[in-house]
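Summary of the model geometry
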Amino acid sequence: MNDVFQSLDPRINRLGVTVEGHLEAKSSLDQFETYEVFFQMKEGKPYEHAGIVHAPNEDMAFLFGKEQFSRRYTCTGMWIVKTHQVITSPITDHEQSAYDLLDHRLAETELNELSHFEVFHLKKRGRQQVHMGRVQAKGYHDAFKQASEHFGTEPALQVWVIRSQDLLFSDEADKDIWFTLPEKKYRDAIAYKSSDKINAYKERTAKQ
Amino acid sequence: MYGGGNTFEPIKATGLEMEDPAKLAEFEARIERGEKIEPQDWMPNLYRKQLIRMIEQHAHSEIIGALPEGTWITRAPGFRRKLAQMAKVQDEVGHAQLLYSAAETLGKSREDMITDLINGKSKYSNIFNYPAFTWADSTVISWLVDAGAIVNQIANAKGSYGPYCRALDRICAEESFHLKYGHDAVVHLATGTPIQRKMLQEALNRWWTPLMHFFGPPDKMSVHTEILVKWKVKMATNDECRQQFLDMYVPKIWELGLSLPDPKLHKNAETGEWEYTEPDWEEFKRVINGDGPCNAERLAVRRTAEERGAWVRKALLSPKATYVTPLA
Amino acid sequence: MKELAIKELLYKMADDLLILGHRNSEWTGIGPILEEDIAFSSMAQDKVGQSWALYKMLQVLGEQEPDTVAFTRNAPQFHSCKFVELPIGEYDFSLVRHFLFDTADLLRFDLLSRSSYTPLAQLATKIKGELKYHTMHANTWIKQLGSVEDEEAFQRMQYALDVALPFALGIFEEGPYEQSLADEKIFAGEVHLKSLWLEKIQETLSKTRLVLGDVSLISPELGGRYGQHTEFLQPLLDEMTEVFKVDPTAEW
């Protein structure tokens, strides 16, 4: 019948894992939609793309992003946005700017009024998107145009544009949630120094 | 933690003639120049398929890899070990998250990957199908399985697919903590009381065969993967990774006065190559195919975790949610 | 008297944080979604780290070293409340406990940040941000799962809240030195903390469909502060110390 596993792991024994079973294929969105996470390592440094989290909404995405992407080193801020709210340019090769490849396919997304947009560049293949700055524009197409004027001389293998109001910005007053990071030495490689013990052991055994 | 050992099943390098020759040439030239491929680039179907398989197996290896050491999470001795063990197992879950995300950029959803894992359709590193009987087993995993994984992952981080390389850079940085932590814990046992030392030696004996299996069958037995080498998907051969691992870690094991259960193991002074008894590759195949000591438990635990969390996910899912492929 | 009072306060706080951090770490690798698994583990680590800091303070006051104190005592010597030793249950219970305990913890450390006992005041100031994230996490989860239309989820959360409440009230079991701590301006006391806590959790729960039972009609689960525990603490300690006790004098 449906026997319960005897595991070496006491947690698993408490969980009551059954031997028999088949997982029903997961339905789409069982893991929610995705949010793109950007973070800033130090004051004054640009925000960089860190990766994605799966989350049911942006508040949860913030909670998740913080521990997945900033549980080490230092962090001074985080931004979160739904993946589909990031508008991307085509991607190019090193000798060409992504701004040269823009077409008019974005025309239909024009908004009625001026909004702020955050602009990001991929400066080299294999790297992360980096925040370049903010432009004011009347739609995505216009935002790319403005971005090109402001940042067009910088390397841009791909450009991302995000409407500022679509981003969740971490609160200035909440920066202290990252304050104790540098003290969590136990998850830092340099906290482990065993050479003294090894040398002592070698000396001890050499004498024998 | 992934050794790349059981990634590549026989592939039919067919279908390439169906690809646009101009695009294929451009794609290959980009890789040749040492540039990364990004998700929005054109890529051949075979490249996409093989990468999904590899990254997915790697991701599964991380989430399943959290279980053997998780066995000791509530029993780690003393504050330093307790905190580090928690952080170490947590990192494995984090790595799974990073790798599933990288695989998603190629078009396979996390839902499908998890389903395929639990229902036995996709593989993960064999080594996690072995039990961690004592605390010493856990320290051996933290040190040597992570060491082996780093050898493979540092090679793969020089591969061609941008999102995978970015995930690997991050993973290797975190695993440098695992490696140091594991070594530190091993050194404490090796230089400690006779009971501690005995516990460690026994664990090492148990893990040696799985560690030799970790990098996969010898090259002469392995599937021909020339096209994957050319496309910088497969970055180092199984034997290269194994040799590198032996070269870096056997001396560190021996300097602690510990032995390894292979009388033939030695470095050939002339060739500079390590020689060893071939581990039992029939056992390797049996375990891959589901008949290892812990295969059933590992998958049942994952299934139970998914089932027990289902109500949480169902309750929070917004009817307005829409999935789009993540960007990078 | 003053030193005894400080020690009693430090012990109960340290024991609470160690035991709950230990419990919550059980979720690592088996949580409801990968991202939450990671977040919950970090908070468990923070708790164990905070308890370590408190045991170090006790060491300065002449107690044994933290590993010895944490890994060799038996249940009757623990001052933790019964709430923290209960098994993790399903995620509903673990979340509700996280919310009820961490709200109290944030308020407690906030009071202590103005304590006349400097080491505690310094620690409280240092970890303010950590605790802020913990309650941000707890409040977000409670607000969301407490407001969903999904009936199963709502019922689970309400049930967990009902089960947890008498134990949560046990957090505020008064110790033998309440007056002394207050007089010395070290800590304002459990009665005061409890009233702040009730206000705070009501505020969060009022944004949900969840209903808090009438606390004046509930008898709190007391005794933990005096070493009386449920049947769950000793097995937890046996498990936690299994390796350490192989040889408590060895270095691990």
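Keep in mind it's a predicted model, so treat the numbers as computed, not measured. (Residues numbered from 1 in each chain as written. Chains lettered and ligands numbered in written order. Predicted model: local features only at pLDDT ≥ 70, side-chain atom pairs only at ≥ 80, totals over all residues.)

Side note on the overall build of chain C
Helix and strand content of chain C: 11 helices and zero strands. Counted from the first residue to the last, chain C has its helices and strands arranged as α-α-α-α-α-α-α-α-α-α-α. For chain C, the C-alpha radius of gyration of 18 Å lies close to 18 Å, the compact-globule estimate for 252 residues. The principal-axis extents of the C-alpha atoms in chain C amount to approximately 55 × 45 × 30 Å. Burial statistics for chain C: of 252 residues in total, 53% are counted as buried. For chain C, the share of sequence-separated contacts (at least 6 apart) that also reach a separation of at least 24 residues comes to 77%. (Helix = DSSP H or I, 4+ residues; strand = E, 2+ residues; numbered from the N terminus. Rg over C-alpha atoms; globule rule 2.2 N^0.38 Å. Buried ≥ 20, exposed ≤ 12 C-beta atoms within 10 Å, placed from the backbone. Contact = placed C-beta atoms within 7 Å.)

Regarding the nonpolar core
Val37, Ile80, Val159 and Val161 of chain A together with Ile55, Leu99 and Val140 of chain B are the most contacted members of the largest nonpolar core, which has 223 residues in total. Setting aside chain neighbours within four positions, we find Ile55 of chain B in contact with Leu99, Ala102, Ala103 and Tyr164 of chain B. (Core = buried A, V, L, I, M, F, W, Y, C linked by C-beta atoms within 7 Å.)

Thoughts on the interface of chain C and chain A
Facing the 20 residues of chain C at the interface are 22 residues of chain A. Of all the secondary structure elements, the ones that give two or more residues to the side of chain C that touches chain A are α2 (34-60) and α7 (128-145) of chain C. With eight residues, the single largest contributor to the side of chain C that touches chain A is α7 of chain C. Residues that form the side of chain C that touches chain A fall into these classes: eight nonpolar, four polar and eight charged. (Nonpolar A, V, L, I, M, F, W, Y, C, P; charged D, E, K, R; others polar.)

With respect to the environment of Asp110 of chain C
Within the secondary structure, Asp110 of chain C sits in helix α5 (residues 91-112). Separated by 22 residues in the primary sequence, Asp110 of chain C and Ile88 of chain C have C-alpha atoms spaced 27 Å apart.

Structural notes on the packing of helix α5 (residues 135-156) of chain B against helix α9 (residues 238-254) of chain B
Residue and element names in this part refer to chain B. With their axes 10 Å apart at the nearest point, α5 and α9 run at an angle of 130° to one another. The angle between the axes of α5 and α9 places the two elements in the oblique class. Like other packed secondary-structure pairs, α5 and α9 cross with a definite hand, here right-handed. When α5 is examined against α9, the residues Leu144, Ala147, Gly148, Val151, Asn152 and Ala155 are found in contact with a partner set consisting of Cys241, Gln244, Phe245 and Tyr249. (Axes fitted to C-alpha atoms, helices over the stretch in contact; angles between N-to-C directions. Parallel < 35°, antiparallel > 145°, perpendicular 65-115°, else oblique. Left-handed = near helix turned anticlockwise from the far one by under 90°.)

Considerations on the environment of Gly44 of chain A
Take Gly44 of chain A: it is sitting in the loop between β1 (33-40) and β2 (48-55). As a C-alpha pair, Gly44 of chain A and Thr76 of chain A span 32 residues in sequence and 9.4 Å in three-dimensional space.

So, the packing of helix α1 (residues 2-25) of chain C against α2 of chain C
Residues and elements named next belong to chain C. Contact geometry for α1 and α2: axes closest at 8 Å, N-to-C directions at 155°. In terms of axis orientation, α1 runs roughly antiparallel to α2. The way α1 lies across α2 gives a crossing that is left-handed. Where α1 abuts α2, its residues Lys7, Leu10, Tyr11, Met13, Ala14, Leu17, Leu18, Leu20, Gly21, His22, Asn24 and Ser25 lie against Phe40, Ser41, Met43, Ala44, Lys47, Val48, Gln50, Ser51, Leu54, Tyr55, Met57 and Leu58. Looking at the contact of α1 with α2, its residues break down into 15 nonpolar, seven polar and two charged.

What about the interface of chain B and chain A?
Contacts between the two partners involve 59 residues from chain B and, on the opposite side, 51 residues from chain A. Broken down by secondary-structure element, the contributors of at least two residues to the side of chain B that touches chain A are α3 (78-104), α4 (110-118), α6 (162-190) and α11 (295-316) of chain B. Broken down by element, the side of chain B that touches chain A gets its largest block of residues, 11 residues, from α6 of chain B. Its residues placed into classes, the side of chain B that touches chain A shows 25 nonpolar, 19 polar and 15 charged.

Points about unusual backbone geometry
Residue and element names in this part refer to chain A. One non-glycine residue, Phe32, lies in positive phi territory at about 70°. Assignment of secondary structure puts Phe32 in the loop between α1 (10-15) and β1. Judged by the 24 C-beta atoms lying within 10 Å of it, Phe32 falls in the buried class. Here Tyr73, not a glycine, exhibits a phi torsion of approximately 60°, which is positive. Considering the arrangement of structural elements, one finds Tyr73 in the loop between α2 (58-69) and β3 (77-82). Accessibility expressed as a C-beta count within 10 Å gives 12 for Tyr73, which makes it exposed.

Focus on α9 of chain B
All names here are of chain B. Taking 1.5 Å per residue, 17 residues should reach 24 Å; α9 reaches 23 Å between its end C-alpha atoms and fits that length. Where α9 bends most, at Asp247, the angle is about 30°, and the proline Pro251 comes one to four residues later. Buried residues along α9 sit in contact with α5 and β2 (274-275). (Expected span 1.5 Å × (residues − 1). Bend = angle between axes of the 7 residues up to and from the residue.)

A few points about the confidence of the model for chain C
When pLDDT is averaged along chain C, the result is 97; 100% of the residues meet or exceed 70. We note a pTM of 0.97 for the whole complex and an ipTM of 0.97 for its interfaces. (pLDDT = per-residue confidence, 0-100.)

Some words on the pairing of β3 of chain A
Of all six residues that make up β3 of chain A, six are buried, and the element is covered over most of its length. Of the two faces of β3 of chain A, the one carrying Gly77, Trp79 and Val81 of chain A and the one carrying Met78, Ile80 and Lys82 of chain A are both buried.

Section: the pairing of β2 of chain A
Residue and element names in this part refer to chain A. β2 sits mainly inside the fold: seven of its eight residues count as buried. With seven bridges joining them, β1 and β2 adopt antiparallel strand pairing. Directly across from Glu36, in β2, lies its bridge partner Ile52. (Pairing = 2+ DSSP bridges.)

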